[in-house]
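# Examining the three-dimensional arrangement
Listed below, chain by chain, are the residues.
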Amino acid sequence: MTDGKQQLAIWGRANSVNVQKVLWCLAELDLAHQRIDAGMQFGKNDQPDYLAMNPNGRVPTLVDGDYVLWESNSVMRYLCMAYGERSPIYPQSPQARAAVDRWLDWTLSTLQPVDRPVFWALVRTPPEKRDMVQIQKDADAEAVVWRVVETRLASRRFIEGDQFTIADIALGTFARRWFGVEGVTKPKLSNLERWFGELAGRPGFVRFVAPPMS
């Protein structure tokens, strides 16, 4: 490994879906890194030193030597461009790369907004405070979005063809939450299940995404 690879530090708690994306990407690229707990119960992300790195006060934040970057999808892109030039997980051709990028954008614009209320209600809200009628409505709305991926995967091994990419990482971390939450009715999405089963066997997923949700 190069010296640059030894400098990589990720600020963020291990149970953050956006931190998990970056950690999984690091594993796919076989990059050494240090993770520093920050956010929620660990605090730090509201402190001046952290806000100087990331004015949003969110996680993750990447520190690579004297270079600092935030926004998980941008961090994945950077890692691939800086350290994974030959890696197929972020393809070189403009059309193939743009196709991957659109799923990263779609995850933020369309998937994350419908995932958040379901996940927070079923994982981070005490049972006695849950409104199960509303949560089921939210789960139904999330299912509509997952049907987009289900249809896409009907003719593809991965979201952009036969090659695993960072688009699968972005979607896969949220799929972990979708399949992992309990207490609501969810439709049978066989293509999504098949794809998720394949992702679930990748070492980076096993290490960073599969642990119990919290």
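Note on numbering: residues in each chain are counted from 1, in written sequence order. It should be noted that, the model being predicted, local features are given only for residues of pLDDT at least 70 and side-chain atom pairs only at 80 or more, the latter also being counted only at that level, while totals for whole chains, interfaces and linings use all residues. Neither water nor hydrogens contribute to the side-chain values; these are computed over all heavy atoms in the structure.

### Overview of the pairing of strand E3 (residues 61-64)
Neither face of E3 is open: one carries Thr61 and Val63, the other Leu62 and Asp64, and all of them are buried. A pair of strands counts as paired when DSSP detects no fewer than two bridges linking them. Strands here mean DSSP runs of E at least two residues long; helices mean DSSP runs of H or I at least four residues long; both are numbered from the N terminus. Taken together, the four bridges between strand E1 (residues 8-11) and E3 define a ladder with antiparallel strand orientation. When the sheet's bridge partners are listed, Leu8 is paired in E3 with Asp64. Here E3 runs beside strand E4 (residues 67-70); their pairing, made up of four bridges, is antiparallel. The residue bridging Thr61 from the neighbouring strand is Trp70, located in E4. The turn joining E3 and E4, which pair antiparallel and follow one another in sequence, is formed by two residues; a positive phi near 65° is taken by Gly65. Burial classification: accessible surface area is computed with a 1.4 Å probe over protein chains only, and a residue below 20% of its type maximum counts as buried, one above 50% as exposed, and the rest as partly exposed.

### Describing unusual backbone geometry
That bond from Val59 to Pro60 is cis: its omega, 5°, falls within 30 degrees of zero. Mapped onto the elements, Pro60 comes out in the loop between helix H3 (48-53) and E3. With a phi angle near 60°, Asp30 is a residue other than glycine that sits in the positive phi range. Asp30 sits in the exposed class, given a relative accessible area of 55%. The backbone of Glu71 sits at a positive phi, close to 85°, despite the residue not being glycine. With respect to the helices and strands, Glu71 occurs in the loop between E4 and helix H4 (72-83). Classification of Glu71 as partly exposed rests on a relative accessible area of 39%.

### Some points on the environment of Ser190
Within the element layout of this structure, Ser190 appears in helix H8 (residues 190-199). In this structure Ser190 comes out as partly exposed when scored by relative accessible area, which is 41%. The spacing of Ser190 and Ala154 is 36 residues in sequence and 8.9 Å in space, taken between C-alpha atoms.

### A word on the packing of H4 against helix H5 (residues 94-123)
Interaxial distance between H4 and H5 falls to 10 Å at its minimum, and their mutual angle equals 155°. When the axis of H4 is compared with that of H5, the two are roughly antiparallel. Seen from H4, the contacting residues are Asn73, Met76, Arg77 and Met81; seen from H5, they are Arg97, Asp101, Leu104, Asp105 and Leu108. Under the scheme applied here, ten amino acids are nonpolar (Ala, Val, Leu, Ile, Met, Phe, Trp, Tyr, Cys and Pro), four are charged (Asp, Glu, Lys and Arg), and all others, including Gly, are polar. Here the residues of the contact of H4 with H5 are counted per class, giving four nonpolar, one polar and four charged. For helices, the axis comes from a line fit to the C-alpha atoms of the stretch in contact; other axes are also lines fit to C-alpha atoms, and the angle between any two N-to-C directions lies between 0 and 180 degrees. Note that the term roughly parallel is reserved for angles under 35 degrees, roughly antiparallel for angles over 145, roughly perpendicular for angles of 65 to 115, and oblique for everything else. We call two residues in contact whenever any of their non-hydrogen atoms come within 4.5 Å of each other.

### What about the confidence of the model for the protein chain?
pLDDT gives the predictor's per-residue confidence on a scale running from 0 to 100. Averaged over every residue, the pLDDT of the protein chain is 95; the share at 70 or more is 97%. The model gives residues 1-5 a pLDDT under 50, and that stretch makes 10 contacts with residues more than four places away or in other chains.

### A few points about the nonpolar core
Note on soluble globular proteins: their nonpolar side chains tend to be buried together. To qualify as a nonpolar core, a set must consist of buried Ala, Val, Leu, Ile, Met, Phe, Trp, Tyr and Cys residues joined through side-chain atoms within 4.5 Å. Core analysis: the biggest nonpolar cluster contains 54 residues, and Cys25, Leu79, Trp146, Ile166 and Trp195 have the highest contact counts within it. Those elements that provide at least two residues to this core are E1, helix H2 (17-28), H4, H5, helix H6 (132-152), helix H7 (166-180), H8 and helix H9 (203-208). Top contributing element to this core by residue count: H7, with eight residues. The next biggest cluster of nonpolar side chains, apart from the first, holds seven residues, and it includes Leu122, Ile135, Ala139 and Val181.

### Some points on the layout of surface pockets
Method remark: on a 1 Å grid restricted to protein atoms, a set of points is classed as a cavity if a 1.4 Å probe fits but cannot get out and as a pocket if it is open with protein on both sides within 12 Å along at least five of seven lines; lining residues have an atom within 4 Å of a point. Grid points are joined across faces, edges and corners, and a volume is the space filled by probe spheres set on the points. Looking at the largest pocket, its volume works out to about 580 Å³. Asn18, Arg58, Val59, Gln112 and Arg116 are, among the 24 residues lining the largest pocket, the residues nearest its centre. When residues of the lining of the largest pocket are traced back to their parent elements, those giving at least two are H2 and H5. No other element matches H5, which puts five residues into the lining of the largest pocket. Here the lining of the largest pocket is built from residues that sort into seven nonpolar, 10 polar and seven charged. Within this model, the second largest pocket holds a volume of roughly 190 Å³. In terms of lining, the second largest pocket is formed by 15 residues, of which the most central are Ala14, Asn15, Gln20, Phe208 and Pro211. Of the residues in the lining of the second largest pocket, the class split is eight nonpolar, three polar and four charged.

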